[in-house]
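# Working through the structure, step by step
As a plain string of letters, each chain reads:
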Amino acid sequence: MIWSLLAGALPVLAFPRPSLGWLAWVALVPGLLLARSAASNAQALRRGWCFGTGYLLAALYWTVPNIGPGLLPVALVFGAPWAAWGVAARVCRGREALFVLPAVWVVGEYLRSWHGFGGPWALYGASQWRWPAVLALASVGGVWLLSFVLVLVNTALALALTRFDRRVLLVPPAVALCLPPVWWAGGTGTEGRPWRVALVQPGVIHGPAERFAQGERISAGITGADLIVWGESSVGTDLSRAPELRGRLAGLGAVLVNEDARDVRGRISKSSVLLVDGVERGRYVKTRLVPFGEYIPLRPALGWLTRISKAAAEDRVPGTGSAVLDVEGVPVAPLICFESAFPDLGRVAVRDGARVIVVQSATSTFQESWAPPQHAALAAVRAAETGRPVVQAALTGVSAAFDSRGRRLAWADTGERGAVTVTLRLPEAGSRTPYAVLGDVVPLLCVLLVAGLGVRPVTEKSMRVR
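Residues numbered from 1 in each chain as written. Predicted model: local features only at pLDDT ≥ 70, side-chain atom pairs only at ≥ 80, totals over all residues. Heavy atoms only, no water.

## Quick look at the overall build of the protein
- If you tally the helices and strands in the protein, you get 16 helices and 12 strands.
- Compactness check: the protein gives a C-alpha radius of gyration of 23 Å against a globular reference of 23 Å for 466 residues, within 12% of the reference.
- Considered along the principal axes of its C-alpha atoms, the protein spans approximately 80 × 55 × 45 Å.
- Counting every position in the protein, which comprises 466 residues, the buried fraction comes to 57%.
- Looking at the protein alone, contacts between residues at least 24 apart form 69% of all its contacts between residues at least 6 apart.
- Carbon and sulfur atoms make up 63% of the accessible area of the protein, which amounts to about 19,000 Å² in all.
- Of the charged side chains in the protein, 46 are positive and 31 negative; the average position of the first set lies 10 Å away from that of the second. (Helix = DSSP H or I, 4+ residues; strand = E, 2+ residues; numbered from the N terminus. Rg over C-alpha atoms; globule rule 2.2 N^0.38 Å. Buried < 20%, exposed > 50% of the residue type's maximum accessible area, 1.4 Å probe, protein only. Contact = heavy atoms within 4.5 Å. Areas by Shrake-Rupley, 256 points an atom, 1.4 Å probe, with all protein chains shown as cover. Lys, Arg positive; Asp, Glu negative; His and termini not counted. Charge placed at Lys NZ, Arg CZ, Asp CG, Glu CD.)

Pasting the structure below:
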């Protein structure tokens, strides 16, 4: 099974930091060939499961400081959906595999994207974040359509190698021909007036007082920004009880800070707080918490991880829902760190009238890993899906900005310090991408297709009995 584990790790090279996005179009072929050559369905199941385990181990290796040896059982459990993909690769010998295998893959991604299962990190379609022409698919069907098309092309190549059927080689050029009209269909209309955002990146600073002071110093040198954004956990004090800190920001205009502190009842949460001339004008409390980093699922059973890793010593209190903050007439939707991985939160932001999505992040625990660029890349996917500019301010990098089609406007890597100011073009308030209107149609259709395939053998058996 070692070959299946290695085959599963290969596609992760398409994500940052290697960012070999082109590799995603062929990287699944080794895993498919292994599954298709299995001697039995049971062996194909094991090979698919090992493939998924290898994929998650490689994609989440940087979580080891948080969960330590817990990563292995997590990868084993959530690698299970690839078992069905492995069986499907062996069973589907004809051209029906072109639709079945992508559908099974997307259903697996959709299932593990539920917050209770840990969330949607390393969805395969996100590997295309650097290619706006390909990313346009996300504006129509979300990241799910990107994943579907990538698996479709990989499946066509695998079929060509195993069946020597040259007709399936028409699939890649057919996909390429579809991209220009998809780019046109995914547009959200004319973009409006310019709007300037400054992203503050102070770097690795230990201690809340020093971190606040550095953010204050950087912000004082910013001119002409409509909004200044600080990273996640940039404020370690409950601002409602700290008028002196609010007063220090009074002359900076609109500043979106991020509060990681206990309230008067001793509860700890993470909150985006909008201050305008030092006065609080709005607040959003993080709702999708990071498993093991901000809470431990089933703490009575898994709480022992805190003794051997940096898993959350206590659970943070989640918020109750989304929020759109008014920044001098511009509706802004804040997301906090891990929340930018969830496609549905971007759609909710558009539904609530947001014209800009702002992500506040802190990944200092994983500073030297692939996690910071992987996280920043998600902003490009959310921008393409929603037709809204998305910016991310990270305490220690990567801070980034993308326009409403997911094209990169700014990128401050982990070694950079200071502020990045970027000019966004705001889309029309009523503009919507097809994905923002239709939602998760692609994964739901995939669920119906896979469910139909599961019912078909039972129906055929029943007819034979009669």
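Let's pick the thread back up.
## Regarding the sheet that holds strand E1 (residues 191-201)
- In space, the six strands of this open sheet follow the order E5-E4-E3-E2-E1-E12, with mixed pairing throughout. Every other strand in the sheet has two partners, leaving strand E5 (279-285) and strand E12 (418-427) as the edge strands with one partner each. Averaged over all neighbouring strand pairs, the angle between strand axes comes to 30 degrees, with direction disregarded.
- Relative to E5, strand E4 (residues 268-276) runs antiparallel, the two sharing six bridges. If you follow Leu 275 over to E5, its bridge partner there is Glu 280.
- Taken strand by strand, helix H10 (residues 208-220) contacts E1, strand E2 (227-229) and E12, and its axis lies near 140 degrees from that of E1. (Pairing = 2+ DSSP bridges. Axes fitted to C-alpha atoms, helices over the stretch in contact; angles between N-to-C directions.)

## As for the pattern of salt bridges
- The final tally for this structure, using the stated rule, is 18 salt bridges.
- A salt bridge links Glu 232 to Lys 270; the nearest nitrogen and oxygen atoms lie 2.7 Å apart. Within this pair, whereas Glu 232 is found in the loop between E2 and helix H11 (243-248), its partner Lys 270 is found in strand E4, the two being separated by 38 residues in sequence.
- Between Asp 344 and Arg 288 there is a salt bridge, and its shortest N-O distance comes to 2.8 Å. With Asp 344 in helix H13 (residues 343-351) and Arg 288 in the loop between E5 and helix H12 (299-302), this residue pair connects regions lying 56 residues apart in the sequence.
- One continuous salt-bridge network, built from bridges that share partners, spans Glu 232, Lys 270, Lys 286 and Glu 294. (Salt bridge = Lys/Arg side-chain N within 4 Å of Asp/Glu carboxyl O.)

## Considerations on the side chain of Ser 139
- With respect to the helices and strands, the residue Ser 139 is situated in helix H8 (residues 132-163).
- There is a polar contact of 2.5 Å between the side chain of Ser 139 and the backbone oxygen of Ala 136.
- In this view, Ser 139 contacts Val 182, Gly 186, Ala 384, Glu 385, Thr 433, Pro 434 and Tyr 435; residues no more than four positions away in its chain are not counted. (Polar contact = N/O pair within 3.5 Å; in protein donor to acceptor, adjacent residues only side chain to side chain.)

## What about the nonpolar core?
- Ranked by size, the top nonpolar core spans 96 residues in total, and within it Leu 28, Tyr 55, Trp 85, Trp 105, Trp 121, Tyr 124 and Leu 137 carry the most contacts.
- Among the elements that take part in this core, H8 stands out by supplying 19 residues, more than any other.
- In this structure Leu 137 touches Gly 142, Leu 145, Leu 146, Val 149, Leu 179 and Val 182, once residues within four positions along its chain are discounted.
- Counting residues in each nonpolar core, the second largest holds 22 residues, with Leu 227, Val 356, Ala 401 and Val 422 among its members. (Core = buried A, V, L, I, M, F, W, Y, C linked by side-chain atoms within 4.5 Å.)

## Topic: helix H1 (residues 2-9)
- The set of residues buried in H1 consists of Ser 4, Ala 7 and Gly 8. Along the axis of H1, the buried residues cluster in a sector spanning 100 degrees; they form a single face. Turned more than 90 degrees away from the buried face of H1, the exposed residues are Ile 2 and Trp 3.
- On the buried face of H1, the contacting elements are helix H2 (29-36) and helix H3 (41-59). (Arc of directions from axis to C-beta.)

## Focus: the sheet that holds strand E6 (residues 325-327)
- Overall, mixed pairing links the six strands, which are arranged E6-E7-E8-E9-E10-E11 in an open sheet. Edge strands, defined here as strands with exactly one partner in the open sheet, are E6 and strand E11 (408-412). Each adjacent strand pair in this sheet contributes to an overall mean axis angle of 20 degrees, direction not counted.
- In this sheet, E11 lies alongside strand E10 (residues 399-402) in antiparallel orientation, the contact comprising four bridges. The residue of E11 that forms the bridge with Ala 400 is Trp 411.

## A short note on a nonpolar patch on the surface
- Taken together, Val 437, Leu 438, Val 441, Leu 445 and Leu 448 make up a surface patch of nonpolar side chains, about 490 Å² in accessible area.
- Broken down by secondary-structure element, the contributors of at least two residues to the nonpolar patch are helix H15 (434-438) and helix H16 (441-465).
- Here the nonpolar patch gets three residues from one element, more than from any other, and that element is H16.
- A residue is classified by how much of its surface remains accessible, and Leu 448, at 59% relative accessible area, is exposed. (Patch = residues over 30% accessible without salt bridge, like charges linked within 9 Å, V, L, I, M, F, W, Y side chains within 5 Å.)

## Comments concerning the pairing of strand E7 (residues 330-336)
- The buried fraction of E7 amounts to seven of the seven residues, a majority that puts the element mostly inside the structure.
- Burial along E7 is two-sided: the residues Val 330, Val 332, Pro 334 and Ile 336 and Pro 331, Ala 333 and Leu 335 are all buried.
- Bridge analysis of E6 against E7 gives three bridges, and the strand direction is antiparallel. Across the sheet, Leu 325 pairs through a bridge with Val 332, a residue of E7.
- Relative to strand E8 (residues 356-361), E7 runs parallel, the two being bridged by five bridges. Among the inter-strand pairings, Leu 335 is bridged to a residue of E8, identified as Val 359.
- Each parallel crossover has a hand, and the one from E7 via H13 to E8 is right-handed. (Right-handed = clockwise from strand over helix to strand, strands pointing away.)

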